[in-house]
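# Commentary on secondary and tertiary structure
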Amino acid sequence: MTTFQWPFPVSTISSDYGPRPNVGKGYHDGADFAVARGTGIPAAADGTVTSVWIHPDAGPNSIDIDHGNGVHTQ
């Protein structure tokens, strides 16, 4: 079982998980965090980085981390 931790000492959820009737696919399947530019972003749990890309909405340095057992974070 993967144990997750809150990834930032101080942050705000800038876009929550759940329905978004007027945006894209209508559902946001994650939570976005707002932190100051230059803030280091730790992984929520141990894992392996499987891809890095420029996301059209999230911007540069988007990553996917495989935590095992089919669990991923981006």
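Remember, predicted model here, so these are calculated numbers, not experimental data.

## So, the packing of aromatic side chains
Geometry of an aromatic ring pair is reported as the spacing of the ring centres plus the angle between the planes. If you walk through the whole model with that rule in mind, you get one aromatic pair. Where Y17 meets Y27, the ring centres are 5.5 Å apart and the plane angle is 85°; that geometry is what we call edge-to-face. With Y17 in the loop between β1 (12-15) and β2 (18-19) and Y27 in strand β3 (residues 27-28), this residue pair connects regions lying 10 residues apart in the sequence. For Y27, a relative accessible area of 36% puts it in the partly exposed group.

## Thoughts on unusual backbone geometry
At N69, a residue that is not glycine, the phi angle is positive and equals roughly 55°. Among the structural elements, N69 can be located in the loop between β6 (59-68) and β7 (71-73).

## Structural notes on the environment of V52
Mapped onto the fold, V52 is located in strand β5 (residues 48-55). Assessed through its relative accessible area of 56%, V52 is described here as exposed. Residue contacts for V52: discarding those within four places in its chain leaves S62 and I63.

## So, the side chain of H67
Residue placement: H67 occurs in strand β6. A distance of 3.4 Å separates the side chain of H67 from the backbone oxygen of A45, its partner in a polar contact. Setting aside residues no more than four positions away along its own chain, H67 makes contact with T2, F4, A45, D46, G47, H72 and T73.

## A closer look at the side chain of S62
If you trace the backbone, S62 turns up in strand β6. A residue is classified by how much of its surface remains accessible, and S62, at 11% relative accessible area, is buried. In contact with S62, other than residues within four places in its own chain, are S51, V52, W53 and H55.

## Quick notes on a nonpolar patch on the surface
Side chains of W6, I13 and F33 sit close together on the surface and give an oily, nonpolar patch of about 290 Å² of accessible area. Here I13 is to be found in strand β1. You can call I13 partly exposed: its relative accessible area is 38%.

Criteria and thresholds
- Residues numbered from 1 in each chain as written.
- Predicted model: local features only at pLDDT ≥ 70, side-chain atom pairs only at ≥ 80, totals over all residues.
- Heavy atoms only, no water.
- Phe/Tyr/Trp six-rings, centres within 6.5 Å; stacked < 30°, edge-to-face > 60°.
- Helix = DSSP H or I, 4+ residues; strand = E, 2+ residues; numbered from the N terminus.
- Buried < 20%, exposed > 50% of the residue type's maximum accessible area, 1.4 Å probe, protein only.
- Contact = heavy atoms within 4.5 Å.
- Polar contact = N/O pair within 3.5 Å; in protein donor to acceptor, adjacent residues only side chain to side chain.
- Patch = residues over 30% accessible without salt bridge, like charges linked within 9 Å, V, L, I, M, F, W, Y side chains within 5 Å.
- Areas by Shrake-Rupley, 256 points an atom, 1.4 Å probe, with all protein chains shown as cover.
- Salt bridge = Lys/Arg side-chain N within 4 Å of Asp/Glu carboxyl O.

Any functional reading would require information beyond the geometric quantities listed.
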